[in-house]
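Letter by letter, the chains look like this.
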Amino acid sequence: MVQSRADSQIAADELTAFVKARIGSVKTPKEILVWPDLPRSKLGKSSRTRSNRSCSGSSGRNAGIERGFRGDWRYCRVMVNGHVLSRELLADALARFEPRIVDPTNRRSAAVVIAVMNDGAEGQAVPLTRRPSKMRAHPGQFALPGGGVDPGETGEDAARRELHEELGLDVEPSAVLGRLDDYVTRSGYVITPFVVWSDQPITSLVPNREEVAEVFSVAVPEIDAEPRFVEIPESSKPVIQWPFRRHLVHAPTGAVVYQFREVALHGRHTRIDGFDQPVFAWR
């Protein structure tokens, strides 16, 4: 039995917020089963919650909605076709998040950037770099744009400067939407991640070959990949591994991307100070 539109009502803005905040970005039509109490859903999967409410309303131009019952479960089927991550939602998610700040005394300060950019297909992507193999520090590793904070600089200033120096991207201070938790590395750095929004296409980046060997355009669904947590005998903390294509990216980069995913895509204030780096990075 399929209920009529008049019989099934849930606030349209609630459904819209769920689709935008939980689904993130998809490049092809995907079918999402969204249950009325807004459960934890993922692409291609569903989680059921009993409710006397049924769902209705419109989630915008990127989705169509079918409503009804499955057994005694009320449901709405959302067909998402396009990209729904927006600057406004991202700014709101970061405004609700209280980052943990670490005292940098006796440590070196650094800043990294998650730059949310135009992917050229009406959606968003984040640039990820690979360091040149000839670099003295961490050669060949994946990294977010960033580097040390110079004397007299703020972390935000350093993040914007490094974004320009590494990738040729200039952003105004107003483009910085917020920040995530400081991460303390085994090599003695306190890394502060900043989140920046740019409407520039990611294909317009001009990498500095002295600092960047490759630039990867990371789609939102790739950011939303489930990480691995590996126990090692050398530490009481698990090592986090973010799966990116055929690679596993460790902390600090993997930890920062994971927290961005949790805060920006899922609204969860997950902390990252409980995740360690692999032993080879302890220098």
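Residues numbered from 1 in each chain as written. Predicted model: local features only at pLDDT ≥ 70, side-chain atom pairs only at ≥ 80, totals over all residues. Heavy atoms only, no water.

The subject of this paragraph is the packing of helix H2 (residues 87-95) against helix H5 (residues 253-266). Where H2 contacts H5, the two axes come as close as 8 Å, and the packing angle between them is 110°. Judged by the inter-axis angle, H2 sits roughly perpendicular to H5. As H2 runs across H5, the sense of the crossing is right-handed. For the pair formed by H2 and H5, the contact residues are Leu90, Ala93 and Leu94 on the first element and Phe260, Val263 and Ala264 on the second. Residues belonging to the contact of H2 with H5 are distributed by class as follows: 6 nonpolar, no polar and no charged. (Axes fitted to C-alpha atoms, helices over the stretch in contact; angles between N-to-C directions. Helix = DSSP H or I, 4+ residues; strand = E, 2+ residues; numbered from the N terminus. Parallel < 35°, antiparallel > 145°, perpendicular 65-115°, else oblique. Left-handed = near helix turned anticlockwise from the far one by under 90°. Contact = heavy atoms within 4.5 Å. Nonpolar A, V, L, I, M, F, W, Y, C, P; charged D, E, K, R; others polar.)

Time to look at H5. For H5, with 14 residues, the first-to-last C-alpha span of 19 Å sits near the 20 Å given by 1.5 Å per residue. Counting buried residues in H5 gives 14 out of 14 residues, a clear majority hidden from the surface. One or two steps after H5, the chain reaches Gly267, where phi turns positive at roughly 65°. (Expected span 1.5 Å × (residues − 1). Buried < 20%, exposed > 50% of the residue type's maximum accessible area, 1.4 Å probe, protein only.)

On to the sheet that holds strand E14 (residues 247-250). With antiparallel pairing, the 3 strands of this open sheet are ordered in space as E12-E13-E14. The strands lining the two open edges of the sheet, one partner per strand, are strand E12 (228-230) and E14. Neighbour-to-neighbour, the strand axes of the sheet open up by a mean angle of 35°, direction not taken into account. As paired strands, strand E13 (residues 239-244) and E14 are joined by 4 bridges and run antiparallel to one another. Considered in E14, the bridge of Phe244 is made with His247. (Pairing = 2+ DSSP bridges.)

Within this structure, the stated rule accounts for 7 aromatic pairs. On the basis of an interplanar angle of 55° and a centroid distance of 5.4 Å, the ring pair of Phe142 and Phe216 is categorised as tilted. With Phe142 in strand E6 (residues 142-143) and Phe216 in strand E11 (residues 214-219), this residue pair connects regions lying 74 residues apart in the sequence. With respect to burial, Phe142 and Phe216 carry one shared label: buried. The interplanar angle of 25° and the centroid separation of 5.2 Å between the aromatic rings of Trp242 and Phe244 together place this pair among those described as stacked. The class for Trp242 is buried, based on a relative accessible area of 3%. Put simply, the rings of Phe142, Phe216, Trp242 and Phe244 touch in pairs and so form one group of aromatic residues. The aromatic ring of Phe142 is capped on one face by Arg130, whose charged end is 4.3 Å from the ring centroid. (Phe/Tyr/Trp six-rings, centres within 6.5 Å; stacked < 30°, edge-to-face > 60°. Lys NZ or Arg CZ within 6 Å of the ring centre and 35° of its normal.)

Below, the discussion takes up empty space enclosed by the protein. As enumerated under the stated definition, the model contains 1 cavity of 30 Å³ or more in all. Put simply, the largest cavity is a space of about 60 Å³. Considering the residues around the largest cavity, the lining is formed by Ile114, Val126, Leu128, Leu144, Val218, Ile223, Trp242, Val257 and Phe260. Those elements that place two or more of their residues in the lining of the largest cavity are strand E5 (124-130) and H5. Taken together, the residues of the lining of the largest cavity break down into 9 nonpolar, no polar and no charged. (1 Å grid on protein atoms, 1.4 Å probe; cavity = no way out; pocket = protein on both sides within 12 Å on 5 of 7 lines; lining within 4 Å. Points joined across faces, edges and corners; volume = space filled by probe spheres on them.)

If you look at the biggest cluster of nonpolar residues, it comprises 30 residues, and the most contacted ones within it are Leu90, Ile114, Val116, Leu180 and Phe260. Counting residues per element, the ones that place at least two in this core are H2, strand E4 (108-118), E5, strand E10 (189-201), E11, helix H4 (220-223), E13 and H5. Looking at this core element by element, the count peaks at 6 residues for H5. Setting aside its immediate chain neighbours within four residues, Ile114 contacts Val126, Leu144, Leu180, Phe194, Val195, Val196, Val256 and Phe260. In terms of nonpolar packing, the next biggest core, distinct from the first, is built from 18 residues, Ala125, Leu163, Ala175 and Leu205 among them. (Core = buried A, V, L, I, M, F, W, Y, C linked by side-chain atoms within 4.5 Å.)

Going through the model one piece at a time under the given rule, you end up with 16 salt bridges. Among the salt bridges present, the one from Glu214 reaches Arg130, with a minimum N-O distance of 3.1 Å. In this pair, Glu214 sits in strand E11 while Arg130 sits in strand E5, placing the two residues 84 residues apart along the sequence. For Glu214, a relative accessible area of 35% translates into the label partly exposed. Residue Asp276 is joined to Arg186 by a salt bridge in which the shortest nitrogen-to-oxygen separation is 2.7 Å. Placement of the pair is Asp276 in the segment after H5 and Arg186 in the loop between strand E9 (183-184) and E10, with a sequence separation of 90 residues. Using a relative accessible area of 42% as the deciding quantity, one classes Arg186 as partly exposed. Overlapping salt bridges bring together Asp150, Glu153, Arg161, Glu162 and Glu165 as one network. (Salt bridge = Lys/Arg side-chain N within 4 Å of Asp/Glu carboxyl O.)

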